[in-house]
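Analysis of the macromolecular model
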Amino acid sequence: MINWKVQTHYDGEYVSYEDLILKRVPIEDKHSYKYPNHKYDIDPRCYYNMEKGVKIFNDVLKINKNITILVDVDVDGYTSASMLRMAIKAHSTCDVNIVHHKTKKHGLYDEVIDEIMKTEPMLLIIPDAASNDIEEIWNLGKYMDVIVIDHHDISNERYYDKDIDIQHGLCLINNQAKWNKDSNPHLTGSGLTLRFLQEFYRFRGYDMGYKYYDLAMMGLIGDMADYSDLEIRNIVFKGLENINNELLKVALKDKIPHVYKYEPMDIAFNFNPFINAITRMATMEEKEMVFNALSDNYINATHNVQKRRKIRGKMQLVNITQTRYEYVYDIMSRVKGKQDRTVKKLEEELYGDISNHGGVAIGLIDEEFRGITGLVANRVASNLKKPTLLLRKKQGDSELSGSARGYTRVLDDFKTWCQDTELFHLAEGHDNAFGIKIYEHYIDDLINQSKVVKKQDKTYHVDIIFNDFNRVTRDDIMTLNKLTYLTGGSVDQLKLSLNNYTVDKDNVKSFNSVTKINTKEGVELIIFNDNGATVDLLNKTMGNEIQIDVVGIPSINVWFNKTTPQIIVDDIQIHRENNIIGEQPRKINKPIF
């Protein structure tokens with residue numbers, strides 16, 4: 001068994017948990033970090049072509065001509081396009097055509113170009129995509145004006161061609177472009193679209209206020225923008241404070257009805273996965289219905305449906321009337337449920353064929369499941385507790401593509417490991433969640449290299465360490481949970497550790513894949529995807545009381561008005577001596593100057 005150790009982020013003096021966390025935030029202006037404001041907002045006019053794009057947009061709205069929006073296939077794409085549709089409807093009588101991708105592909109390609117041409121627009125707007133589709137944009141520009149509002153890296157040098165730039169009706173806006181006077185490279189498509197609309201409102205002489213901030217917030221969180229950045233942090237938290245989107249309201253009321261002050265993780269767990277499921281698994285009719293509900297807060301339509309309800313102790317079908325947003329949320333829930341069942345079934349089928357002899361699991365999945373390959377890889381990596389590569393092969397093609405998901409107890413940076421093998425011709429994305437491409441004749445070499453990968457010693461960085469002399473209380477968890485908003489993005493998630501911590505085996509329960517350990521202070525330790533492993537581990541020790549080490553995240557569970565403090569466990573082991581690195585922070589009772 002590989003031991004792990006813990007080290008605190010900060011080892012000096014502190015006066016409160018809040019002070020302790022803020023000590024490690026690498027931003028000088030702590031006040032703006034704690035209380036997000038507009039001090040660090042970049043003027044939209046600093047982005048090259050922003051004013052040109054707004055003028056093209058305004059000119060078309062003035063004459064109420066036909067506009068088409070291409071919706072990219074993720075939360076950032078849906079929210080970017082929704083903001084634009086809302087603004088067009090609020091300021092014109094333009095017909096707005098929406099073009100959706102039929103598969104999880106991005107940008108411009110023949111099939112989607114054909115759909116755009118059928119709509120015969122005067123203006124095409126492409127948010128969150130297409131910066132590198134220069135030839136396609138040039139050709140479309142012969143028939144219509146084109147505005148691209150994108151945040152992806154620019155790899156096509158033709159992006160900077162003067163022939164493109166001088167065309168009156170072509171406008172490329174990208175926060176990564178070298179021609180920007182100033183820019184925030186962390187903005188996603190929805191963030192840059194928000195800035196575009198702010199400039200449009202300024203051009204028209206209006207104050208936009210916090211209109212559209214909720215949509216921008218969803219997109220930024222969905223694309224994992226660094227919301228420790230002060231400009232992005234302001235958009236995210238202003239969006240959380242000003243939720244006007246009716247579809248989002250319905251989802252949050254259903255998923256977390258007892259929460260009234262929302263945090264980024266509430267959106268990340270309780271809404272965005274439903275939109276992603278729609279982009280992967282929904283029919284075109286369902287995609288259109290969800291997008292229309294997301295991009296219009298004034299739909300008065302109702303739907304009569306039958307629901308199963310418990311009446312006098314028996315489940316019965318009853319007729320109820322739903323708003324359009326409730327009806328659409330039910331569609332999202334059904335599609336999400338279908339996706340989850342499909343992912344689970346594929347995962348179970350994979351275990352019989354997966355290459356699992358080394359430190360990296362390698363499996364093959366059918367091309368038809370392209371949209372959920374990453375989700376399946378996530379589950380496999382979590383359950384096998386090792387980095388996972390899931391590959392797809394098209395018939396007659398020697399190239400395999402797919403998704404990679406890391407497991408940091410084995411490799412800190414799985415993407416770098418893949419690149420260092422020199423077998424992949426593409427490994428791009430986040431350190432432990434990225435896309436891959438490899439030729440089939442390299443697979444045997446890949447399997448051989450995976451066999452020498454072994455679990456490494458792991459050091460977890462935490463904010464505070466509790467032990468039997470300083471046991472974690474319900475109040476500790478309640479206080480720490482309220483401070484999780486101070487972390488996120490490049491500021492590591494708030495975590496705590498229990499070290500040499502005594503628990504009673506009688507208070508360890510396992511049900512399905514979840515294990516729960518109750519402490520005598522009334523705090524629950526929750527271990528997901530455990531499948532009884534913790535019970536097996538603890539049963540190997542003598543006696544009823546046992547000393548464990550835990551690393552986890554403070555959380556609160558509310559069920560039927562009962563509030564239970566919890567620690568969501570990242571890792572657990574039988575206590576090992578000398579597993580704390582360095583000094584621990586020291587609480588004092590006076591301010592530090």
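It should be noted that the structure appears before, not after, this text.
Residues numbered from 1 in each chain as written. Predicted model: local features only at pLDDT ≥ 70, side-chain atom pairs only at ≥ 80, totals over all residues. Heavy atoms only, no water.

**Here's the deal with unusual backbone geometry**
Trans peptide bonds make up most of the peptide bonds, and negative phi angles are found at most residues other than glycine. Rules: Numbering goes from the N terminus for both helices and strands, where a helix is a DSSP run of H or I of at least four residues and a strand is a run of E of at least two.
Phi is positive for Tyr-212, which is not a glycine, with a value near 75 degrees. Relative to the helices and strands, Tyr-212 resides in the loop between helix H8 (189-204) and helix H9 (213-222).

**Quick word on the sheet that holds strand S13 (residues 424-430)**
Just so we agree on the cut-off: For two strands to be treated as a pair, DSSP must find at least two bridges joining them. Axes here refer to lines fitted to C-alpha atoms; in helices the fit is confined to the stretch in contact. Angles between the N-to-C directions go from 0 to 180 degrees. By definition, residues are in contact when any of their heavy atoms lie within 4.5 Å.
Spatially, the five strands line up as an open sheet ordered S10-S11-S12-S14-S13, and their pairing is mixed. Edge positions in the open sheet fall to strand S10 (361-364) and S13, since each of these has one partner strand only. The average angle at which neighbouring strand axes cross in this sheet is 20 degrees, direction not considered. Pairing between S10 and strand S11 (residues 388-393): four bridges, direction parallel. By the bridge assignment, Leu-364 is partnered in S11 with Leu-391. Most of the contacts of helix H17 (residues 414-421) go to S13, to which it runs at about 165 degrees, and overall it touches S11, strand S12 (399-405), S13 and strand S14 (433-439).

**Regarding the packing of helix H4 (residues 75-91) against helix H14 (residues 284-294)**
What counts is decided by this rule: Each angle gets one of four labels, with under 35 degrees taken as roughly parallel, over 145 as roughly antiparallel, 65 to 115 as roughly perpendicular, and the rest as oblique. The sense of a crossing depends on the near helix, which, turned anticlockwise from the far helix by less than a right angle, makes the crossing left-handed and, turned clockwise, makes it right-handed. Think of it as three bins: nonpolar holds Ala, Val, Leu, Ile, Met, Phe, Trp, Tyr, Cys and Pro, charged holds Asp, Glu, Lys and Arg, and polar takes everything else, Gly as well.
Put simply, H4 and H14 touch, their axes get as near as 9 Å, and they point 60 degrees apart. With respect to H14, the element H4 is oriented oblique. Note on packing geometry: the crossing formed by H4 with H14 is right-handed. Taken together, the residues of H14 that come into contact with H4 (itself represented by Tyr-78, Thr-79, Ala-81, Ser-82, Arg-85 and Met-86) are Lys-287, Phe-291, Asn-292 and Leu-294. When the residues that make up the contact of H4 with H14 are grouped by side-chain class, the tally is five nonpolar, three polar and two charged.

**Describing the side chain of Asn-184**
Cut-off, in case you're wondering: A 3.5 Å cut-off defines polar contacts: any pair of N or O atoms within that distance qualifies, except that in protein one atom must be a possible hydrogen donor and the other a possible acceptor, and neighbouring residues in sequence count only when both atoms are side-chain atoms.
Positionally, Asn-184 belongs in the loop between strand S7 (170-174) and H8. Here Glu-231 takes part through its side chain, which lies 2.8 Å from a polar atom of the side chain of Asn-184. The residues contacting Asn-184, other than those within four sequence positions of it, are Ile-42, Tyr-47, Asn-175, Asp-229, Glu-231 and Ile-232.

**With respect to the sheet that holds strand S19 (residues 514-518)**
On the basis of which strands lie adjacent, the open sheet formed by seven strands has the order S16-S17-S21-S22-S20-S19-S18 and mixed pairing. Among the strands making up the open sheet, the edge pair consists of strand S16 (464-466) and strand S18 (508-511). Direction aside, the axes of adjacent strands within the sheet are offset by 35 degrees on average. Judged from the seven bridges that link them, strand S17 (residues 496-504) and strand S21 (residues 545-559) form a sheet pairing that is antiparallel. In the strand pairing of S21, Tyr-501 is matched with Ile-548. Running at roughly 55 degrees to S21, helix H19 (residues 474-482) makes contact with S16, S17, S21 and strand S22 (562-574) of the sheet.

**A short note on the side chain of Asp-549**
Structurally, Asp-549 is set in strand S21. A distance of 2.8 Å separates the side chain of Asp-549 from the side chain of His-575, its partner in a polar contact.

**Here we look at the pattern of salt bridges**
To keep it simple, the criterion reads: For salt bridges, the criterion is a side-chain nitrogen of Lys or Arg within 4 Å of an Asp or Glu carboxyl oxygen. For every residue, the accessible area obtained with a 1.4 Å probe (protein chains only) is divided by the maximum for its type, and the residue is called buried under 20%, exposed over 50%, and partly exposed between those limits.
Under the definition given, this model contains 29 salt bridges. The residue Glu-349 makes a salt bridge to Lys-345 at a minimum N-O spacing of 2.6 Å. Placement of both Glu-349 and Lys-345 in helix H15 (residues 324-350) is noted, with a separation of four residues, approximately one turn of the helix. Owing to a relative accessible area of 51%, Lys-345 belongs among the exposed residues under this scheme. A network of salt bridges, in which partner residues are shared, links Asp-43, Arg-45, Glu-199 and Arg-202.

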